[in-house]
Amino acid sequence: MIDQLVHLLGYDFVQHAIEAGVVIAIVSGFVSRFVVARNMAFAVHALAELGFTGSAGAILLGVSPVLGLLTGTVVTALFIGGLGVRVRERDAVVGVVMAFGLGLGVLFLSLYSGFATQAFAILFGTITGVSSGDVILLLAIGGVTLLALALVYRPLTFATVDPEVAQARGVPVGLLAIVFLLIMAAAVAEAVQVVGVLLILTLLITPGATAERLTAVPGRAIAASVGIALFSVLGGIALSLLTNVPVSVFVTSLSFACYLLGRFVVGPALLGRERRSAP
Amino acid sequence: MSPSAIRFEQATLAYQGREVWRDLSLAFDEGAFVAVLGPNGSGKTSLLRVALGLARLSAGSVEVLGEPPRRGNPGIGYVPQGHAFDRDLPLRGSDLVRLGIDGHRWGIGLPDRAAVRRVADAIASVQAEAYADAPIGRLSGGEQQRLRIAQALVGDPRLLLCDEPLAHLDLRHQREITDLIGGWHARSGRTVIFVTHDVNPVLGFVDRVLFVVNGRWAAGTPDEILTSERLTELYGSHVDVLRVHGRILVVGEAFGSGFELEEPHHLPVVDHDAAGSADQR
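Residues numbered from 1 in each chain as written. Chains lettered and ligands numbered in written order. Predicted model: local features only at pLDDT ≥ 70, side-chain atom pairs only at ≥ 80, totals over all residues.

### Remarks on the overall build of chain A
Right, so step 1: On a plain count of helices and strands, chain A comes out with 14 helices and 0 strands.
Right, so step 2: Start at the N end of chain A and walk to the C end: the helices and strands fall as α-α-α-α-α-α-α-α-α-α-α-α-α-α.
Right, so step 3: Over its C-alpha atoms chain A spans a radius of gyration of 19 Å, differing by no more than 12% from the 19 Å that the globule rule assigns to 279 residues.
Right, so step 4: The dimensions of chain A, computed from C-alpha atoms along their principal axes, are 60 × 50 × 30 Å.
Right, so step 5: Split into buried and exposed, the 279 residues of chain A put 53% on the buried side.
Right, so step 6: Of all intrachain contacts in chain A linking residues separated by at least 6 positions in sequence, the fraction that spans at least 24 positions is 75%. (Helix = DSSP H or I, 4+ residues; strand = E, 2+ residues; numbered from the N terminus. Rg over C-alpha atoms; globule rule 2.2 N^0.38 Å. Buried ≥ 20, exposed ≤ 12 C-beta atoms within 10 Å, placed from the backbone. Contact = placed C-beta atoms within 7 Å.)

In structure tokens:
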């Protein structure tokens, strides 16, 4: 098995898949922690589905599907951010925008004949389609995303855990909500490359949700989230190469296994230790 | 001549077309412990929001620590109405307190020993050392409230604004929290503005009262304001202020239950505890 993997490593497409996978997993791990803390699973799903619309449009126009995807997610993020800043109306706005956007996606799909393979790749993920140009593009998007996240890290944390005091302390809570939607838009565009639109939550929710179960220390939670995303993506790529089963099957399975293990086995032990010693 | 911690000049606040209070003109000196009292919906929280720069007056003016209100004024510490933190929030009490120092700054922040020491001092000042490193969502309401106070105090504020910090706490925890805030006030000589629907828990500390009812207001010492005459005038209907075992009960026909300020469910507890707390004072 190992021999087989080493042999496969010689192929360009495998190397590109691994390079892309590392970048995507790191970005997903960082962003996932905030997606979970801010309860934005539904928004992530909407961004991904409208990313599908974007990339379907891009394929129809003959431009880069990755850029189309990114355009779709960014436009959606701006729509959601502009229309629904208040938490109460956010989910409704997400639903409204998502429904219309998906309708457009169906239109693009029907206009383009011979689209089935690419549609499958976008919906369910693939690793074979990553070119060296794509890797550089993903690296650039990922770098900008992480830089933006680092720039807003402290006020975003403040606004996430304690919005009232954050606002009183001068943190631009509303602006940060939109900035984070854009960060999510970029992270979704990245993660879709591996797991596809429909399985996006496995990289943008599961690692952060698992990390929450392991530790209450913010830095460790991020490290755990990144670690789980890396393990799931790289493990998924390896297993997919060995079996020819689509990569997203293994990524979702591995990240789900991490969640179960973290929630029921490792988490209770670790969090118990972090809790106070005296009653 | 001592400067004012907060000064309103003919200030009127309207919210969605409705006047919350009007022509508020008053000043509280630095070093005062002010209780802001009144029924629900009378604009007590709005008053803090104006001071924090989160809401704007529709007329008149206000100065906080000698300048117009602005968000992020480092001279102000703020303890919000406490909602419990989510149980699984990956955050420790010490992280919450740390946000009070540099949570509003951009970037990830570099290791800072001075800040870590200030956080530890603030946590010690509210006696929360035992659980400051536990997940904050797993702590009790009283423990979370102590950490919120530590967060408000870590910036060494000149003015501490507290919005119903005793809500959802039982009597023992109420007393612990008021002792903490009263103790800080006595040690530091700084100003406290304390919004509450029940003055009794802070009666021992308060030297100024602002009572707001239906857009009208009255301000002064507790003895001046908390009288049957003043509150009858303010409510516009007959009100009796009773002093029982060192506690103050406001009784009036305007209140549905005919008993207490506005939350009848507090009353049995107040009655029950009246004798005990008077003994301890």
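### A few points about the interface of chain A and chain B
Right, so step 1: Counting from both sides, the interface comprises 31 residues of chain A and, opposite them, 28 residues of chain B.
Right, so step 2: Those elements giving two or more residues to the side of chain A that touches chain B turn out to be helix 7 (132-151), helix 8 (153-161), helix 9 (163-168), helix 12 (206-214), helix 13 (218-243) and helix 14 (247-274) of chain A.
Right, so step 3: Tallying contributions element by element places helix 8 of chain A first for the side of chain A that touches chain B, with 6 residues.
Right, so step 4: Partitioned by chemical class, the residues of the side of chain A that touches chain B number 19 nonpolar, 4 polar and 8 charged. (Nonpolar A, V, L, I, M, F, W, Y, C, P; charged D, E, K, R; others polar.)

### Quick look at unusual backbone geometry
Right, so step 1: A positive phi is found at Asn244(A), a non-glycine position, where the angle reads about 65°.
Right, so step 2: Take Asn244(A): it is sitting in the loop between helix 13 and helix 14.
Right, so step 3: Of note, Leu65(B) is a non-glycine position whose phi angle comes to about 55°, a positive value.
Right, so step 4: For Leu65(B), a count of 20 C-beta atoms within 10 Å puts it in the buried group.

### Quick word on the sheet that holds strand 5 (residues 76-79) of chain B
Residues and elements named next belong to chain B.
Right, so step 1: Reading across the sheet, the 6 strands line up as 5-6-7-3-8-9 and stay open at both edges, with mixed pairing between neighbours. The outermost strands of the open sheet, each flanked by one partner alone, are strand 5 and strand 9 (216-220). Averaged over all adjacent pairs, the angle separating strand axes in this sheet is 15°, with direction ignored.
Right, so step 2: Note that strand 6 (residues 159-163) and strand 7 (residues 191-195) share 5 bridges and pair parallel. Pairing of Leu160 across the sheet is with Val192, part of strand 7.
Right, so step 3: Of the strands in this sheet, strand 3 (33-37), strand 6, strand 7 and strand 8 (208-213) are in contact with helix 1 (residues 44-51), which crosses strand 6 at around 145°. (Pairing = 2+ DSSP bridges. Axes fitted to C-alpha atoms, helices over the stretch in contact; angles between N-to-C directions.)

### Quick notes on the sheet that holds strand 2 (residues 18-29) of chain B
All names here are of chain B.
Right, so step 1: Here we have 3 strands laid out as an open sheet, ordered 2-1-4, and antiparallel in their pairing. The outermost strands of the open sheet, each flanked by one partner alone, are strand 2 and strand 4 (59-64). Direction aside, the axes of adjacent strands within the sheet are offset by 20° on average.
Right, so step 2: When strand 1 (residues 4-15) meets strand 2, the two strands line up antiparallel, connected through 8 bridges. When the sheet's bridge partners are listed, Ile6 is paired in strand 2 with Phe28.

### Examining the packing of helix 7 of chain A against helix 10 (residues 173-195) of chain A
Residues and elements named next belong to chain A.
Right, so step 1: Across the interface, helix 7 lies against helix 10 with an axial gap of 9 Å and an inter-helix angle of 145°. The chirality of how helix 7 crosses helix 10 is left-handed. Residues Leu138, Ile141, Gly142, Val144, Thr145, Ala148 and Leu149 of helix 7 pack against Ile183, Ala186, Ala187, Ala189, Glu190 and Gln193 of helix 10.
Right, so step 2: Grouping the constituent residues of the contact of helix 7 with helix 10 by class yields 9 nonpolar, 3 polar and 1 charged. (Left-handed = near helix turned anticlockwise from the far one by under 90°.)

### Here we look at the confidence of the model for chain B
All names here are of chain B.
Right, so step 1: Residue-level pLDDT values for chain B average 88, and 89% of them are 70 or greater.
Right, so step 2: For residues 256-281, every residue scores under 50 in pLDDT, and the model assigns this stretch 35 contacts once sequence neighbours within four places are set aside.
Right, so step 3: Here the complex is predicted with pTM 0.90, and the ipTM for its interfaces comes to 0.89. (pLDDT = per-residue confidence, 0-100.)

### Regarding the environment of Leu175(A)
Right, so step 1: Structurally, Leu175(A) can be placed in helix 10.
Right, so step 2: Through-space distance from the C-alpha of Leu175(A) to that of Gly227(A) is 30 Å; in sequence the pair is 52 residues apart.

### Here we look at the nonpolar core
Residue and element names in this part refer to chain A.
Right, so step 1: If you look at the biggest cluster of nonpolar residues, it comprises 169 residues, and the most contacted ones within it are Val44, Met184, Val188, Ile200 and Leu204.
Right, so step 2: Among the elements that line this core, the one with the most residues is helix 10, at 15 residues.
Right, so step 3: Beyond its immediate chain neighbours, meaning those up to four positions away, Met184 contacts Val31, Val35, Met40, Ala43, Val44, Leu47 and Ala77. (Core = buried A, V, L, I, M, F, W, Y, C linked by C-beta atoms within 7 Å.)

### As for helix 3 (residues 41-61) of chain A
Right, so step 1: With 21 residues, helix 3 of chain A ought to run about 30 Å at 1.5 Å a step, and its terminal C-alpha atoms sit 30 Å apart, in line with that.
Right, so step 2: Where helix 3 of chain A terminates, the next one or two residues include Gly62(A), which has phi positive at roughly 80°. (Expected span 1.5 Å × (residues − 1).)

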